[in-house]
Amino acid sequence: MLGVVGLSVVVFILFFLLGWDNYEGDYVAPTCTGLLLVWMYLMVVAAAGLTVWSVVKSAQSTKGNDPAATTGVPGGKVIMGTIVLTIVSLAVGLLLGIGEEDFTAADGTVTTGGWVQVVDMFIWSIYILTIVAIAAVGVAMSGILTKNASK
C-alpha cells in the first residue's frame, strides 16, 4: 500500500512540475499527462481486480457459515443497502440534472444537454455517496455499532 501511495505521489509531482511549456495552439499540454492517465487506468484495473478477488475469497471462506453469527455484520443487508443507495443516488443526480443545456467548450466542442445531464448525475451521485461514506466512517469509528452489538 505504501508503495502505491509513494508511486502516486511521484506521478503527481512529475505531472505538476514538468513540462508546462509545451503548447498545442492556445493550450498547455503537460509532458506527463500520458503517465498520469496510464497510472489512473492501472489503479482502476487493480482496484477492480482486487474487488473481484476479495468477493471470491470471501465467498469461499464463508461457505456453509453465517458470517453475521460470527462477526455480527449482516453482509447480505450491507450489500443490498449499498446497491439501493447507489441506485437512489444516481436517480437523485438524474433528477437534479434534468433540463441541462448544451455545453460549448472554449475550443468550440459542443456537448449535448443529455451528456451534460449524465455528467451531472454522476457528480451528484459522488457527492451523495461521499457524504454517506464519511458518515459511515464516523459511526464505525465512534464504536456505537460495536457497543450495541455486544449488548
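Residues numbered from 1 in each chain as written. Predicted model: local features only at pLDDT ≥ 70, side-chain atom pairs only at ≥ 80, totals over all residues. Heavy atoms only, no water.

In terms of helices and strands, the protein carries six helices and four strands. Overall, the protein shows an N-to-C arrangement of helices and strands of α-β-β-α-α-α-β-β-α-α. Relative to its full complement of 151 residues, the protein shows a buried share of 12%. Surface accessibility of the protein: about 11600 Å² in total, with carbon and sulfur atoms responsible for 74%. (Helix = DSSP H or I, 4+ residues; strand = E, 2+ residues; numbered from the N terminus. Buried < 20%, exposed > 50% of the residue type's maximum accessible area, 1.4 Å probe, protein only. Areas by Shrake-Rupley, 256 points an atom, 1.4 Å probe, with all protein chains shown as cover.)

Moving on: the side chain of Gln 117. Here Gln 117 is to be found in helix H5 (residues 113-142). Residue Gln 117 is classed as buried on the basis of its relative accessible area of 19%.

Val 11, Phe 15, Cys 32, Leu 36 and Trp 39 together form the largest nonpolar core, which totals five residues. Among the elements of the structure, helix H1 (2-17) and helix H2 (33-61) are those that each provide at least two residues to this core. Not counting residues within four places of it along the chain, the set of residues in contact with Val 11 comprises Leu 35, Leu 36 and Trp 39. (Core = buried A, V, L, I, M, F, W, Y, C linked by side-chain atoms within 4.5 Å. Contact = heavy atoms within 4.5 Å.)

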